[in-house]
Amino acid sequence: MSMMVATMKKMKNGNLGGIQKHNQREFENHSNEDIDPERSDMNYDLVNDEKINYNEKVNQIIDEQRVGTRAIRKDAVKVDEWIISSDREFFNNLDSEQTKEFFQSVVDYFSENFGKQNVAYANVHLDETTPHMHMGVVPMKDGKLSSKTVFTREKLTEIQEQLPQYLNAKGFDIERGIEGSKSKHHDTSEYKKLKENITKEQFEDLSYKLDQAEKRNIVYQDILGNDFKVKTIEPREMKARLVLNDLERGIQPSNLDQAKEWLRNLKNAVGTKIDPSRLVKGIDKLEKIIKVVFKVVKGMTLGL
């Protein structure tokens, strides 16, 4: 049986423009080589009849429900974007109408559980290798914008369990993804079962490829959100973008050696296509972490 793919990315105000251009195919040139422009007219949005301005739509959803006059934080998560898909075999067994019904069923599930009024867009892409949907949910609850309140860890686990069951009831032969990977989708028993069915070398190769794929996805999302015109990327730039992505999500290095490595990666990326102001901000933050959090004596040579 095919497995469900349901992953969520937190989008802040600065991300919406780039995501809009990607989801609605507004780029003149695509950095994603999997996109076939000749098939882009097959794509559709299950929520909107025509292309929209993401910022305007999201702000409208917020303003219509928001209680109180307190300003929304500039770094607030405005959209939780879900990427929904499965493997090619699953979609090969569906015709175009059934594929549309599959994605519509997912939209229905989120509408029923998180409010139809909060689903800002649901762009289905049929012009890439595997059909998938980018669905944006504005995390409004009780008149407040709060991603951490709407999509708690418990709620995310519940979605991974309930969504495949909901789709099964609609007639789709699909099961939840494997739990416990870096994306929190593999549980121990299923992980061991997977290892038992392939050789150690195959497993290590698969683990490496999955890790690299996740890193590429993080970098790709970063490019979309901050420098959507970037078409190529150097290894040193990729390393720096991974660091910046973690820092901007509030993730700090776990030890002094990692902090130094992160700082080194950012400094090595000077002169790449990353916005210099982002690099400066990241470098300043890491230097402060090294000096204050790890209590490195001020003025001491860091050996970087």
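Residues numbered from 1 in each chain as written. Predicted model: local features only at pLDDT ≥ 70, side-chain atom pairs only at ≥ 80, totals over all residues. Heavy atoms only, no water.

### Overview of the overall build of the protein
And step 1. Tallying secondary structure elements over the protein gives eleven helices and nine strands in all.
And step 2. Burial status across the protein gives 44% buried among its 304 residues.
And step 3. Of the contacts made within the protein by residues no fewer than 6 positions apart, 73% connect residues no fewer than 24 positions apart.
And step 4. Of the roughly 17600 Å² of accessible surface on the protein, 48% is carried by carbon and sulfur atoms. (Helix = DSSP H or I, 4+ residues; strand = E, 2+ residues; numbered from the N terminus. Buried < 20%, exposed > 50% of the residue type's maximum accessible area, 1.4 Å probe, protein only. Contact = heavy atoms within 4.5 Å. Areas by Shrake-Rupley, 256 points an atom, 1.4 Å probe, with all protein chains shown as cover.)

### Remarks on the packing of aromatic side chains
And step 1. Using the criterion set out here, one finds 13 aromatic pairs in the structure.
And step 2. With 5.4 Å between their ring centres and 85° between their planes, Y109 and F110 make a pair best called edge-to-face. For the pair Y109 and F110, a shared accessibility class is recorded, and that class is buried.
And step 3. Ring geometry for Y109 versus Y166: centroids 5.4 Å apart, planes at 65°, classification edge-to-face. (Phe/Tyr/Trp six-rings, centres within 6.5 Å; stacked < 30°, edge-to-face > 60°.)

### Digging into the pattern of salt bridges
In a structure, side chains of opposite charge can pair up when their charged atoms sit close to one another.
And step 1. Evaluated as defined, the whole model comprises eleven salt bridges.
And step 2. Counted as one network, the salt bridges with shared partners bring together R25, D127 and E128. (Salt bridge = Lys/Arg side-chain N within 4 Å of Asp/Glu carboxyl O.)

### Observations concerning the sheet that holds strand β3 (residues 44-45)
And step 1. Judged by pairing direction, the sheet is antiparallel, and its five strands sit side by side in the order β2-β4-β6-β5-β3 without closing on themselves. Two strands bound the open sheet, and with one partner strand each, they are β2 (5-12) and β3.
And step 2. Sheet contacts for helix α1 (residues 16-23): β2, β4 (77-85), β5 (119-125) and β6 (132-137); angle to β5, the most-contacted strand, approximately 40°.
And step 3. Most of the contacts of helix α2 (residues 54-65) go to β5, to which it runs at about 145°, and overall it touches β4 and β5. (Pairing = 2+ DSSP bridges. Axes fitted to C-alpha atoms, helices over the stretch in contact; angles between N-to-C directions.)

### Notes on the nonpolar core
And step 1. Core analysis: the largest hydrophobic core is formed by 32 residues, its most contacted members being W82, I84, F102, F110, M133, M135 and L163.
And step 2. Counting residues per element, the ones that place at least two in this core are β2, β4, α3 (88-92), α4 (96-114), β5, β6 and α6 (153-169).
And step 3. At seven residues, the largest contribution of residues to this core is made by α4.
And step 4. For L163, the contacting residues outside a window of four places in its chain are M4, A6, I84, V106, Y109 and F110. (Core = buried A, V, L, I, M, F, W, Y, C linked by side-chain atoms within 4.5 Å.)

### Here we look at the confidence of the model for the protein
And step 1. Per-chain confidence: the protein averages 82 in pLDDT, with 75% of residues scoring 70 or above.
And step 2. The lowest-confidence element of the protein is helix α7 (residues 188-196), averaging 51 in pLDDT; the highest-confidence one is α4, averaging 97.
And step 3. Every residue in residues 180-188 is under pLDDT 50, and counting partners more than four places away or in other chains gives 18 contacts.
And step 4. Confidence drops under pLDDT 50 across residues 296-304; counting only partners more than four residues distant or on other chains, this segment forms eleven contacts. (pLDDT = per-residue confidence, 0-100.)

### Focus: α2
And step 1. The terminal C-alpha atoms of α2, which comprises twelve residues, lie 17 Å apart, in line with the 16 Å expected from a rise of 1.5 Å per residue.
And step 2. Taken together, the buried positions of α2 are occupied by Y54, K57, V58, I61 and I62. Looking straight down α2, one finds its buried side chains confined to an arc of 130°; they lie on one side. Summarising the geometry of α2, the exposed residues directed more than 90 degrees from the buried face are E56, D63 and E64. (Expected span 1.5 Å × (residues − 1). Arc of directions from axis to C-beta.)

### Comments concerning the pairing of β6
And step 1. With respect to burial, β6 is a largely interior element, six of its six residues being buried.
And step 2. Side chains H132, H134 and G136 of β6 all project onto a buried face; the interleaved residues M133, M135 and V137 project onto the opposite face, where all are buried too.
And step 3. Where β4 meets β6, six bridges bridge the pair, whose relative direction is antiparallel. Bridge pairing links D80 to V137 in β6.
And step 4. Where β5 and β6 come together, six bridges link them in antiparallel fashion. Note that in β6 the partner of A122 across the bridge is M135.
And step 5. Counting the residues in the hairpin turn of β5 and β6 gives six residues.

### Overview of the environment of K12
And step 1. With respect to the helices and strands, K12 occurs in strand β2.
And step 2. Residue class for K12 comes out partly exposed when judged on its relative accessible area of 28%.
And step 3. Excluding anything up to four places from it in sequence, K12 contacts D75, A76, V77, K78 and E248.
And step 4. Within the local environment of K12, its side chain forms a polar contact with the backbone oxygen of E248, the two atoms lying 3.5 Å apart. (Polar contact = N/O pair within 3.5 Å; in protein donor to acceptor, adjacent residues only side chain to side chain.)

### Some details on the pairing of β4
And step 1. Burial within β4 is extensive, with nine of its nine residues counted as buried.
And step 2. Taken together, the eight bridges between β2 and β4 define a ladder with antiparallel strand orientation. Paired with K9 across the bridge in β4 is E81.

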